[in-house]
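# Coordinates in review
Okay, here's what each chain looks like letter by letter:
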Amino acid sequence: MEGQADLPVNNASFLGVSGFWQLVLARGGWYDCGLVVQRGFLSGGIWPFAHLEYPAVWSHNEKFQRLVGGGWLEQTFLNSISRVQLLFLGAHKDREVVRLVKQSRRKRKSLMSAYEMWIVHGYARAQSRLPGAMAEVGVYQGVSARLICEVKGDKSLHLFDTFEGLPQRTHADRNVHRTGQYATSVESVREFLDGHPNVHFHKGLFPDSTAGLEEKPYCFVHLDVDLFESTLAALEYFYPKMVPGGVILSHDYSILAGVRKAFDEFLADKPEGLVDLPSTQCVVTKR
Ligand SMILES: C[S@@+](CC[C@H](N)C(=O)[O-])C[C@H]1O[C@@H](n2cnc3c(N)ncnc32)[C@H](O)[C@@H]1O
């Protein structure tokens, strides 16, 4: 079970408490919740906040992810955490960008926190100095695409999505997402991004939707596809096309098993290392 190895029970005086919680909660996914509670006690912090230093325990739990993922609970959590993040960002960062992130969050639904949006915007802005086009796989309502549009200048931005929601998951993804989840209308996204030049929509299942697209170098690719096969297909397609110094940024690396597996397997024989950001994102910079 995820997270168990990270959580040695190292305080003998609390063995009674540990045993109690294991007895009460050691059923399927609830075992992880038990460890969270235990860890809250063992870390000597103030429960229930103490367990937040070990978020991997609950955030990796399959049942928890299925229950919460994409629903109002996740939105409420993201909105709350983003409010705090925006407060911190507003205290020392560029006010214009803080405003942009705030507005983007208000206009459309997204599964990204304010910090994660900040990171997408920052990388897209930095990468816009390199030659090559930009791309995003996993557009949904267009929030991250809009942030890229704001800083890409005249560069081409290729947007790939079924716009009919997630394709079927595989075993590597565990039982977290539903087929068709995050379906949206491509017309509404077009409208949302209206006015930004050189934005190209590729509706359909990636990588089939790349058929006929001419070979071109890319300087920045944003992946937000949630699934193993989609992530792997995107890495296989874009990695050889990245310019030196080109960046592939992905959402959900540290919380979705399929995304993590795709990156880890794909990079196993590559010279590039991966940076696991303090958000859920990861970054690979092409040599
Ligand atoms: C979490 S949403 C993307 C969120 C978006 N980046 C945002 O700013 O809110 C995931 C998206 O990935 C798309 N997707 C996943 N696998 C795909 C594939 N193989 N081909 C096309 N779209 C895919 C889904 O249709 C869905 O819209």
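Residues numbered from 1 in each chain as written. Predicted model: local features only at pLDDT ≥ 70, side-chain atom pairs only at ≥ 80, totals over all residues.

### Side note on the pairing of strand E4 (residues 218-223)
Among the six residues that make up E4, six are buried, leaving the element largely enclosed by the rest of the structure. Bridge count for strand E1 (residues 133-137) against E4 is five bridges, and the pairing is parallel. Its bridge partner being in E4, Glu 136 is matched across the sheet by His 222. The pairing of E4 with strand E5 (residues 242-250) spans five bridges and is parallel. Paired with Tyr 218 across the bridge in E5 is Met 242. Regarding the hand of the β-α-β motif, the stretch spanning E4, helix H10 (residues 228-238) and E5 is right-handed. (Buried ≥ 20, exposed ≤ 12 C-beta atoms within 10 Å, placed from the backbone. Helix = DSSP H or I, 4+ residues; strand = E, 2+ residues; numbered from the N terminus. Pairing = 2+ DSSP bridges. Right-handed = clockwise from strand over helix to strand, strands pointing away.)

### A few points about helix H8 (residues 143-151)
Buried residues dominate H8, accounting for eight of its nine residues. Along H8, the positions that sit buried rather than exposed are Val 143, Ser 144, Ala 145, Arg 146, Leu 147, Ile 148, Cys 149 and Val 151. One or two residues past the end of H8 sits Gly 153, with phi positive at roughly 65°.

### Section: the site of the ligand
The environment of the ligand is formed by 23 residues, the closest being Ser 110, Gly 138, Ser 144, Phe 206 and Ser 230. Within the residue set of the shell around the ligand, elements represented by two or more residues are H8 and strand E2 (157-161). Per-class residue counts for the shell around the ligand are 13 nonpolar, seven polar and three charged. (Near = placed C-beta within 6 Å. Nonpolar A, V, L, I, M, F, W, Y, C, P; charged D, E, K, R; others polar.)

### Here we look at the pairing of E5
Relative to strand E7 (residues 282-285), E5 runs antiparallel, the two sharing four bridges. Paired with Ile 248 across the two strands is Val 284, which belongs to E7.

These figures capture arrangement, not role.
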